[in-house]
Protein chains: 2
Amino acid sequence: MATPTIRSVAELAGVSTATVSRALTHPEKLRPDTRRRVLEAVERLGFVPNRQAVDFRRQATKTVILLVRDITNPFYLDIYKGVEEFAFEAGYKVLMGDARYDDARIAHYVDMVRNKQADGLIVMTGWIPEALRQSLPPIVIALQMIADLDLPMVHIDNAAAARLAVEHLIGLGHTRIVNLTGPMHEMIDLERNRGYREALEAAGLPFDPALEIAGNFRLASGQAAMRDLLASGIPFSAIFSNSDEMAVGAITELHASGRRVPEDVSVVGFDDTVFASAVDPGLTTIRQPQHEIGRSAMRMLIGILEDRPAAPGRIELPVELMVRGTTAPAITAPARLRAQ
Amino acid sequence: MATPTIRSVAELAGVSTATVSRALTHPEKLRPDTRRRVLEAVERLGFVPNRQAVDFRRQATKTVILLVRDITNPFYLDIYKGVEEFAFEAGYKVLMGDARYDDARIAHYVDMVRNKQADGLIVMTGWIPEALRQSLPPIVIALQMIADLDLPMVHIDNAAAARLAVEHLIGLGHTRIVNLTGPMHEMIDLERNRGYREALEAAGLPFDPALEIAGNFRLASGQAAMRDLLASGIPFSAIFSNSDEMAVGAITELHASGRRVPEDVSVVGFDDTVFASAVDPGLTTIRQPQHEIGRSAMRMLIGILEDRPAAPGRIELPVELMVRGTTAPAITAPARLRAQ
DNA sequence: ATGAAAGCGCTAACAC
DNA sequence: GTGTTAGCGCTTTCAT
């Protein structure tokens, strides 16, 4: 038996298709008995409106693309959840988009809006190819600012977050604090480094370029950075890492060299991902509100799509310092000073 | 300027819309000069076919839903990647579906196929509500068998994988091996436990029910299980955990009690997720081919949707034992025997 | 309050 | 080889 259409319902109820449509979308416009008759027919046939036809007719897709830089990054997990959650509530669908640092893939997903496969995108790649920039579809940028592009955005204050982390270490008496950064190409990375320097300066601590080491946010790069630093013999008692993953890598390497965390070295991460709980003791880190970032980005995009008046241009969400087991007071005994 | 439609192209090229359609989908059916003329017009106007209209006309959506049990579980990360990757190659889109252990949400996503919002689903929930079972849309079950339901499926041999893990421990001389299980409701859990028992039996080792401890796959339950076991004083020298997360939780607790891994206790996990690399030393574990599971599930579903002849009913993918740092030979000295 | 009819943009018989 | 035409299933004017 073929799936019922609005026509079969109309015939069974003895009304026009227009009336069936009204019964379902503007029931108050119908006389109660007509409405009842139609709804009965709908029930009898098990009619469900064909969303594809509805959307086509309405020239909307009720679909948004969530475009991330690397779909396998655990950082996104709670963002996925927040995005899906708000979309679900609002009757929208979410398409998975994996950019893989590939301009062609980004272009592909952006084009899907032109093709009418989606109404807009949430972009978390930190990058939009030049070629696409002149005519962008409805878009919300999350997490990463994109230089020279003034688009709706949801983000955190990375510099302030970094200050929070470093002030925590300074408060524990640390004075030689490492900053494990990413490749320093991107805003988030640069901002975190700026916050690190500002905290140092505000505390009157000297800035030592030798304590800034670049990785690539991933675990192995944290290990490598630590290996180099340890080999160099440069003294330090704490690490502020621009990602949890590098922080975990650094801890692994510290352990391998016989050092203890936090007794010998304190470590603070960034993100509060699954890595933070996997490490023992729990990693002290900056918690980003991933779930809320996802929800806000989705809310914002839908606001733009549905042309709500108060759709704000920029949302800044608060971070939180999660003090766990990898930070402890610095050893101030002369023995340590001599070792330096 | 309005976006060009197939009609504007037809007018510019001086042909019918049918010819434009052919030029784009069956170019070999046109005379070269007509084709060239049309393609020129397409180029000039920057025409891109409206996929929504194409799909509507073709009565397909080129969309599949990836329905998982809990979208934030890091285990899915590489599955997401594999699914998105194959879909991308095949011209399909992937919708994110989060079941959250909620029948209503599962029903919602299954209904989206009836509504023509998607062509089919990949289901990784381990559960389909009774009410939906009589008329299921095109579907592929991944990872979890669903009892009483003979559906296309991609999975691993969980019992064999567990045997592999336990045989590794037995090979190292361990005789008192714990199995940290899930709630023992689900096939994957029961199968892994079966493999554990079979490996014991095959090696002529006694089976001790006190060594089977149920958690819920999450980290904290691994800690709790270990705390209880340690408190009970029951002797053991190795752990086979049905998930990486519980394995990591167990290790944390072992460390907290002053035990070393692998010197005092060997630990094997299951899944090879991000948790396995976060732990120090690296977790010995069973690697599931998540990426390939994702690709295969997608390939299989598309095969079904496009009615390919050779769409197989069931795919079993191989697992691999990743021997890393958390397993070592059992201490066989009399000292240890006495301690028991 | 309800119906008739147009049409969203495209494809695929079916003609010629 | 190309054009004509009839829809896909629905919503929404515009009449009545």
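Residues numbered from 1 in each chain as written. Chains lettered and ligands numbered in written order. Predicted model: local features only at pLDDT ≥ 70, side-chain atom pairs only at ≥ 80, totals over all residues. Heavy atoms only, no water.

Q: Residue-level account of the overall build of chain A, with values.
A: Per the secondary structure count, chain A includes 13 helices and twelve strands. The C-alpha atoms of chain A give 27 Å as radius of gyration, which overshoots the globular expectation for 340 residues (20 Å, by more than 25%). Here the C-alpha coordinates of chain A stretch approximately 95 × 40 × 35 Å along the principal axes. Here the analysis covers contacts within chain A between residues at least 6 apart in sequence; of these, 70% occur between residues at least 24 apart. Total accessible area on chain A stands at roughly 14700 Å², and carbon and sulfur atoms take up 53% of it. Taken together, the 37 basic and 42 acidic charged side chains of chain A have centroids lying 8 Å from each other. (Helix = DSSP H or I, 4+ residues; strand = E, 2+ residues; numbered from the N terminus. Rg over C-alpha atoms; globule rule 2.2 N^0.38 Å. Contact = heavy atoms within 4.5 Å. Areas by Shrake-Rupley, 256 points an atom, 1.4 Å probe, with all protein chains shown as cover. Lys, Arg positive; Asp, Glu negative; His and termini not counted. Charge placed at Lys NZ, Arg CZ, Asp CG, Glu CD.)

Q: Kindly report on the protein's contact with DNA strand D, identifying the contributing residues and their values.
A: Near DNA strand D, the surroundings consist of 26 residues, among which Ile 6 and Arg 57 of chain A together with Thr 19, Arg 22 and Thr 34 of chain B are the closest. Counting only atoms of DNA strand D within 4 Å of the protein, the sugar-phosphate share comes to 57%. Between a base nitrogen of DNA strand D and a side-chain N or O atom of Arg 57 of chain B, the distance comes to 3.0 Å. Broken down by secondary-structure element, the contributors of at least two residues to the surface near DNA strand D are α2 (17-25) and α4 (51-58) of chain A together with α2 (17-25) and α4 (51-58) of chain B. (Near = heavy atom within 4 Å. Polar contact = N/O pair within 3.5 Å; in protein donor to acceptor, adjacent residues only side chain to side chain.)

Q: Break down the UniProt feature "domain: HTH lacI-type" (unreviewed entry) in chain A for me, citing the residues and quoting the values.
A: If you check UniProt for "domain: HTH lacI-type" (unreviewed entry), the listed places come out as residues 4-58 of chain A in our numbering. Helix makes up 71% of residues 4-58 of chain A and strand makes up 0%, while its end C-alpha atoms are separated by 21 Å. (UniProt positions renumbered as here; feature names shortened; annotations may be inferred.)

Q: Give me the relation of the copies chain B and chain A: which residues, what numbers.
A: Under the fitted operation, chain B is carried onto chain A by 0.1 Å of movement along the axis and a turn of 180°, and the coordinates agree to an RMSD of 0.1 Å. Taken together, these values place the two copies in the relation of a two-fold axis. In terms of proximity to the rotation axis, the leading residue of chain B is Leu 95 of chain B, whose C-alpha is 2.3 Å off the axis. Looking at the interface residues of chain B, 98% of them are also at the interface in chain A, so both copies use one shared face. (Least-squares fit on C-alpha atoms with pLDDT ≥ 70 in both.)

Q: Give a detailed account of the protein's contact with DNA strand C, specifying residues and quantitative values.
A: Neighbouring DNA strand C are 27 residues; Thr 19, Arg 22 and Thr 34 of chain A together with Ile 6 and Arg 57 of chain B lie closest to it. Among the atoms of DNA strand C close to the protein, meaning within 4 Å, 62% are from sugar or phosphate groups. In the environment of DNA strand C, a base nitrogen lies 3.3 Å from a nitrogen or oxygen atom belonging to the side chain of Arg 22 of chain B. Within the residue set of the surface near DNA strand C, elements represented by two or more residues are α2 and α4 of chain A together with α2 and α4 of chain B. In terms of residue count, the dominant contributor to the surface near DNA strand C is α4 of chain B (five residues). A per-class count over the surface near DNA strand C returns eleven nonpolar, nine polar and seven charged. (Nonpolar A, V, L, I, M, F, W, Y, C, P; charged D, E, K, R; others polar.)

Q: Let's hear about the interface of chain B and chain A: which residues, and what values?
A: Often, the extent of an interface is quoted as the loss of accessible area on bringing the components together. Contact residues are listed per partner, giving 45 residues for chain B and 45 residues for chain A. For the chain B and chain A pair, buried surface summed over both sides reaches about 4300 Å², with 62% attributable to carbon and sulfur atoms. The interface formed by chain B and chain A includes four salt bridges. On inspection of chain B and its partner chain A, the count reaches 20 residue pairs in polar contact (both at pLDDT 80 or more). At the level of secondary structure, the elements contributing two or more residues to the side of chain B that touches chain A comprise α4, α5 (77-90), β2 (93-98), α6 (103-114), α10 (244-256) and α11 (274-278) of chain B. (Buried area = accessible area lost by both parts, 1.4 Å probe. Salt bridge = Lys/Arg side-chain N within 4 Å of Asp/Glu carboxyl O.)

Q: Residues and numbers for the sheet that holds strand β10 (residues 284-287) of chain A, please.
A: All names here are of chain A. The strand order β7-β6-β8-β9-β10-β12 describes an open sheet built from six strands, whose pairing is mixed. In this open sheet, the two edge strands, each paired with only one partner strand, are β7 (212-214) and β12 (320-322). In this sheet, neighbouring strand axes are inclined to one another by 20° on average, regardless of whether the strands run parallel or antiparallel. With three bridges connecting them, strand β8 (residues 238-241) and strand β9 (residues 266-271) associate as parallel partners. When the sheet's bridge partners are listed, Ala 238 is paired in β9 with Ser 266. Sitting on the sheet, helix α7 (residues 158-171) touches β6 (177-181), β8, β9, β10 and β12, and the angle it makes with β9 is about 165°. (Pairing = 2+ DSSP bridges. Axes fitted to C-alpha atoms, helices over the stretch in contact; angles between N-to-C directions.)

Q: Describe the pairing of strand β9 (residues 266-271) of chain B, with residues and values.
A: Counting buried residues along β9 of chain B, six of its six residues qualify, which places the element largely inside the surrounding structure. For the segment spanning strand β8 (residues 238-241) of chain B, α10 of chain B and β9 of chain B, crossover handedness is right-handed. (Buried < 20%, exposed > 50% of the residue type's maximum accessible area, 1.4 Å probe, protein only. Right-handed = clockwise from strand over helix to strand, strands pointing away.)

Q: Could you give an account of the pattern of salt bridges, naming the residues involved and the relevant values?
A: As enumerated under the stated definition, the model contains 54 salt bridges over all chains in all. One salt bridge connects Glu 212 of chain A with Arg 197 of chain A, and the closest N-O pair in it is separated by 2.9 Å. Residue Glu 212 of chain A is found in strand β7, and its partner Arg 197 of chain A is found in helix α8 (residues 187-202); the two are separated by 15 residues along the sequence. Glu 186 of chain B is paired through a salt bridge with Arg 69 of chain B; the nearest N and O atoms lie 2.8 Å apart. Of this pair, Glu 186 of chain B sits in the loop between β6 (177-181) and α8 (187-202) while Arg 69 of chain B sits in the loop between β1 (63-68) and α5, and the two are 117 residues apart along the sequence. According to the relative accessible area criterion, Glu 186 of chain B is partly exposed, its value standing at 21%.

Q: Please give an account of helix α5 (residues 77-90) of chain A that cites residues and values.
A: All names here are of chain A. A rise of 1.5 Å per residue sets the reference length of α5, with its 14 residues, at 20 Å; its end C-alpha atoms lie 20 Å apart and thus fit the reference within 8%. Three or more residues of α5 are buried, namely Leu 77, Ile 79, Tyr 80, Gly 82, Val 83, Glu 84, Glu 85, Phe 86 and Ala 87. Looking at the residues trailing α5, positive phi occurs at Gly 91, about 75°. (Expected span 1.5 Å × (residues − 1).)

Q: Just give me the short version of the packing of aromatic side chains, but keep the residues and values in it.
A: Applying the stated criterion to the full structure yields ten aromatic pairs over all chains. Aromatic pair Phe 88 of chain A and Tyr 109 of chain B: ring centres 5.9 Å apart, planes at 45°, arrangement tilted. You can see Phe 88 of chain A sitting in helix α5 and its partner Tyr 109 of chain B sitting in helix α6, one on each of two chains. By relative accessible area, which is 5% here, Tyr 109 of chain B ends up buried. Put simply, the rings of Phe 75, Tyr 76 and Tyr 80 of chain A together with Phe 75, Tyr 76 and Tyr 80 of chain B pair up and form one aromatic cluster. Geometry around Trp 127 of chain A places Arg 133 of chain A over its ring, the cationic atom sitting 5.2 Å from the centre. (Phe/Tyr/Trp six-rings, centres within 6.5 Å; stacked < 30°, edge-to-face > 60°. Lys NZ or Arg CZ within 6 Å of the ring centre and 35° of its normal.)

Q: Which residues make up the sheet that holds strand β10 (residues 284-287) of chain B, and what values do they have?
A: Residues and elements named next belong to chain B. What the six strands build is an open sheet, ordered β7-β6-β8-β9-β10-β12; its pairing is mixed. Looking along the sheet, the strands with just one partner apiece sit at the ends: β7 (212-214) and β12 (320-322). Taking the axes of each pair of neighbouring strands and ignoring which way they run, one obtains an average angle of 20° across the sheet. Bridge count between β6 and β8: four bridges; the pairing is parallel. Bridge assignment links Val 178 to a residue of β8, and that residue is Ile 239. α10 contacts β6, β8, β9 and β10 of the sheet and is inclined by roughly 155° relative to β9.

Q: So what's going on with the side chain of Asn 242 of chain B? Residues and values would help.
A: Residue and element names in this part refer to chain B. Tracing the chain through its elements places Asn 242 in the loop between β8 and α10. For Asn 242, the side chain forms a polar contact with the side chain of Asn 179, separated by 3.0 Å. Once residues within four sequence positions are removed from consideration, Asn 242 is found in contact with Asn 179, Leu 180, Thr 181, Gly 182, Asp 189, Arg 192, Asn 193, Phe 217 and Phe 270.

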